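Spelled out from the first residue to the last, the chains are:
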Amino acid sequence: MDTKTVFSLVFFAFLAANRTVVSGAPSFAIDYKNNCFQKDGKPFQYVSGSIHYSRIPHYYWKDRLLKMYMAGLNAVQIYVPWNFHEEKRGVYNFTGDRDLENFLDLANQTGLLVILRPGPYICAEWEMVENEYGSYYTCDYNYMRHLRTLFQFFLGDKTVLFTTDGNTDREMTCGTLEGMYATIDFGTDVNISQAFSRQRRFEPRGPLVNSEFYTGWLDHWGDQHAQVDTQKVSRMLGEMLSIGASVNMYMFEGGTNFGYWNGADHDNRFRSVVTSYDYNAPLSEAGDPTEKLLAIRNTISKFRDIPVGPMPPASPKMAYGFVTLTMVGNLSSLLDTLSPQGPVRSLYPLSFEEMKQYYGFMLYRTKLPRDLPEDTPLISPLNGVHDRAYVSVCGVFQGLLERDTTLVMNLTGKQGDQVDVLVENMGRVNFGSKINDFKGLLSNLILGKDVLTDWQIYRLDIDGAIASGWPQSGQRRSPPNPVRGPSDGPVFYQGTLPPNGLAWDTFLRLNEWTKGQVWINGVNLGRYWPKRGPQQTLYVPGPLLSPTQPNNITVLELERAPPHTRVLFMDRPQLDSTAGKTSQLQTTDRQT
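Now for a quick tour of the structure. (Residues numbered from 1 in each chain as written. Predicted model: local features only at pLDDT ≥ 70, side-chain atom pairs only at ≥ 80, totals over all residues. Heavy atoms only, no water.)

Quick word on the sheet that holds strand S22 (residues 408-413)
Selection criterion: Two strands qualify as a pair provided that DSSP identifies no fewer than 2 bridges between them. Strands are runs of DSSP state E lasting at least two residues, helices are runs of H or I lasting at least four, and both sets are numbered from the N terminus onward.
With respect to topology, four strands assemble into an open sheet ordered S22-S18-S25-S26, the strand pairing being antiparallel. At either margin of the open sheet sits one strand with a lone partner, and together these are S22 and strand S26 (450-451). Where strand S25 (residues 446-447) lies against S26, two bridges are found, and the strand directions are antiparallel. Note on S26: the bridge partner recorded for Leu447 is Asp450.

Side note on the packing of helix H1 (residues 61-70) against helix H3 (residues 100-110)
Helix-helix packing is characterised by the crossing angle of the two axes and by the distance between the axes. We apply this condition: What counts as an axis is a line fitted to C-alpha atoms, over the stretch in contact for a helix, and the angles between N-to-C directions run from 0 to 180 degrees. Should the near helix be turned anticlockwise from the far one by less than a right angle, the crossing is termed left-handed; should it be turned clockwise, right-handed. For this analysis, residues touch if any pair of their heavy atoms sits within 4.5 Å. Classes in brief: Ala, Val, Leu, Ile, Met, Phe, Trp, Tyr, Cys and Pro nonpolar; Asp, Glu, Lys and Arg charged; the others, Gly included, polar.
Running from N to C, H1 and H3 cross one another at 35 degrees; their axes reach a closest spacing of 10 Å. Judged by the sense of rotation from one axis to the other, the crossing of H1 with H3 is right-handed. Residues Trp61, Lys62, Leu65, Leu66 and Tyr69 of H1 lie in contact with H3, whose contacting residues are Asn102, Phe103, Leu106, Ala107 and Thr110. Split by residue class, the contact of H1 with H3 holds seven nonpolar, two polar and one charged.

Topic: unusual backbone geometry
Under the convention used in this document: Throughout, exposure labels follow a simple rule: accessible area from a 1.4 Å probe, protein chains only, divided by the maximum for the residue type, with under 20% read as buried, over 50% as exposed, and the rest as partly exposed.
The omega torsion of the bond from His386 to Asp387 falls at 20 degrees, within 30 degrees of zero and hence cis. With respect to the helices and strands, the residue Asp387 is situated in the loop between strand S19 (385-386) and strand S20 (388-393). Phi is positive for Asn35, close to 55 degrees, though the residue is something other than glycine. Looking at where Asn35 falls in the secondary structure, it is placed in the loop between strand S2 (28-31) and strand S3 (36-39). The exposure class of Asn35 is partly exposed, given its relative accessible area of 28%. With a phi close to 60 degrees, Ala124 is a non-glycine residue in the positive phi region. Here Ala124 shows up in the loop between strand S7 (113-117) and helix H4 (141-155).

Details of the state of the cysteines
For clarity, the threshold we go by: The disulfide definition used here is simple: a pair of cysteine sulfur atoms within 2.5 Å.
In the structure shown here, the tally under the stated rule is one disulfide. Paired through a disulfide, Cys139 and Cys174 show a sulfur-sulfur distance of 1.9 Å. Between Cys139 and Cys174 the disulfide shows an S-S torsion of about -50 degrees. By sign, it is left-handed. Here Cys139 is found in the loop between S7 and H4, whereas its partner Cys174 is found in helix H5 (residues 169-175), with 35 residues between them in sequence.

Here's the deal with empty space enclosed by the protein
Rolled over the atoms, a probe sized like a water molecule indicates the empty space that remains. Counted only if it meets this: Think of a 1 Å grid over the protein atoms and nothing else: a 1.4 Å probe that fits but is trapped marks a cavity, an open set flanked by protein within 12 Å on at least five of seven lines marks a pocket, and residues with an atom within 4 Å of a point count as lining. Grid points are joined across faces, edges and corners, and a volume is the space filled by probe spheres set on the points.
Within this structure, the stated rule accounts for six cavities of 30 Å³ or more. Looking at the largest cavity, it is lined by 13 residues, and the ones nearest its centre are Asn330, Leu331, Ser332, Ser392 and Pro490. Those elements that provide at least two residues to the lining of the largest cavity are S20 and strand S23 (418-424). Across the lining of the largest cavity, the residue classes break down as six nonpolar, five polar and two charged.

Some words on the layout of surface pockets
Estimated volume of the largest pocket: approximately 1100 Å³. For the largest pocket, the lining is made up of 38 residues, of which Glu87, Arg98, Tyr260, Trp261 and Asp463 are closest to its centre. When residues of the lining of the largest pocket are traced back to their parent elements, those giving at least two are helix H2 (82-85), helix H11 (462-467) and strand S31 (523-528). Counted by class, the lining of the largest pocket contains 18 nonpolar, eight polar and twelve charged residues.

Side note on the pattern of salt bridges
Put simply, the test is: The term salt bridge refers to a side-chain nitrogen of Lys or Arg lying within 4 Å of a carboxyl oxygen of Asp or Glu.
Using the criterion set out here, one finds 27 salt bridges in the structure. The partner of Arg201 in a salt bridge is Asp169, with the nearest N and O atoms 2.8 Å apart. Here Asp169 lies in helix H5 and Arg201 lies in helix H6 (residues 192-202), a separation of 32 residues in the sequence. Note that Arg271 is salt-bridged to Asp223, the shortest N-O span being 3.9 Å. In this pair, Arg271 sits in strand S13 (residues 270-272) while Asp223 sits in the loop between strand S10 (209-214) and helix H7 (230-242), placing the two residues 48 residues apart along the sequence. By relative accessible area, which is 19% here, Arg271 ends up buried. The exposure class of Asp223 is partly exposed, given its relative accessible area of 22%.

With respect to the packing of aromatic side chains
Our working definition: The rule is short: rings of Phe, Tyr and Trp, with Trp giving its six-membered ring, pair when the centres are within 6.5 Å, and they are stacked under 30 degrees, edge-to-face over 60, tilted in between. The rule for a charge over a ring is simple: NZ of Lys or CZ of Arg within 6 Å of the ring centre, and within 35 degrees of the ring normal.
A full pass over the atoms with the stated rule returns 31 aromatic pairs. Here the aromatic rings of Phe507 and Tyr539 are separated by 5.7 Å at their centres, their planes lie at 35 degrees, and the arrangement is tilted. In this pair, Phe507 is assigned in strand S29 (residues 506-509) and Tyr539 in strand S32 (residues 537-540), connecting sequence segments 32 residues apart. Assigned by exposure class, Phe507 and Tyr539 land together as buried. The rings of Tyr53, Trp61, Phe84, Phe103, Trp126, Trp261 and Tyr359 are connected pair by pair, giving a single aromatic cluster. Geometry around Phe44 places Lys39 over its ring, the cationic atom sitting 6.0 Å from the centre. The positively charged end of Lys515 is found above the aromatic ring belonging to Trp529, 4.7 Å away from the centroid.

Points about the sheet that holds S2
As summarised here, the arrangement of the three strands in space is S2-S3-S4, forming an open sheet in which the pairing is antiparallel. Each end of this open sheet is capped by a strand with a single partner; those strands are S2 and strand S4 (42-44). Each strand of the sheet is rotated relative to its neighbour by a mean of 40 degrees, with strand direction disregarded. Where S2 lies against S3, four bridges are found, and the strand directions are antiparallel. Counted as the bridge partner of Asp31 is Cys36 from S3.

Spelled out as structure tokens, the structure:
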């Protein structure tokens, strides 16, 4: 989203890239004479919606695609986030939730064409995947020609390539290239005629295309939940369709930034994107039809035949109730479990990238160089904490440092006391000039007049330990006789949700908890931060739960848990810390 340039393949999942066009064979082309697309020799207008397979569990792909088809769409637009398939250099994963070929097959079976956007510049508020090329104003046309040649080499010269850019002359200038069709993107706050006039200045003939018509918007931690008016969306969609424009709606379903996959922005400060990518889209985060979807469907029906039959209903939801968690232990006391390979020793701090731990958390450990009987400032003078640091002395939480906002805190203690600094990667910047977003302690920490040195740095495989059954299994060592009350600083808690014979979608609320990460049955649901908001609940897809076996819950609370240490499974989401409700349809229906 935002301002875009991307090399994309139109309908690649539907058309064979190298197929010779003969009578009766599928074909797709741009008709410059009649200002339209030609599909199979006939004028063609697409009505598409963006969906990110990387943000939706694979067992729900077919359901989401069917709902998009029943809404009247004839195409979907998808991104291919390269780091989702290659988390480690040279190691590729196209299975399970990463099975791109399966997703494309399902789209084809559903009757939807696919607009494939393979990057490398896609943004999408995804961790580290760069915003589209035109927004960087580099204007390196030789580089763009290189990308064009690369795609044509693998896909053939009959594949239709296009670019899409934001609604400014500068972005269109830097993001377009002769030989690739130039499209534009804009939302409901833009004059349609003026926007398409800009496209015409760069592409005088051919179809009008809005490649990203914004149905909603993203949320950052600390924002109000973004909403875009339904009537504006449906009215402007109708106006574009009435003049023959092809339109892709961004997003049609947003989904969820599970695990550590959320991106971030950096304008005047670092702003991390929330776990939910609901986007106020026509299909909710949980894939449920909304009033916005019904309005869009009604608009589309005025311009093309839509499938006969009712819209598939919302998935059933379950309020499983409260679960009380017990404390496992402070993170710093669990390093044998979480970092079995032990520390790397370094005079000065090393980044996540230097340690080859790209996501999650790392622990930096050193000792106080002298007695500190009075409060002594611990400073990150070069704003080198990327992104949050949780500081403890001798296992006692002292406070935190935060990128751009909290660069100093106070410590006391005795010479030789152990200092632990847990650093959290809150998601890499994916838009703007600060995309070279390294993580960890990127510069020295200064304590009073002393530079802290002689670090032990621990890579933490928290996800690996939990996926193997810890802490519930007891297969890995944890402190004996776990304490049951809350404690300050980074602490693990665990509990179980008893089975009740059903495995329905639910939403986890951590009321009065501060900030942290949650795993259900070994799957990382993402970050929670109700204190900052706006998001208050985490989406739990039903197929993650067992209807017959206890469901393991693991929470890493980074600051402070509430005295009650309870979590609540609800039958509806709360994405707005003030409203506490959404416009979803049928989210509370109990189906049997």
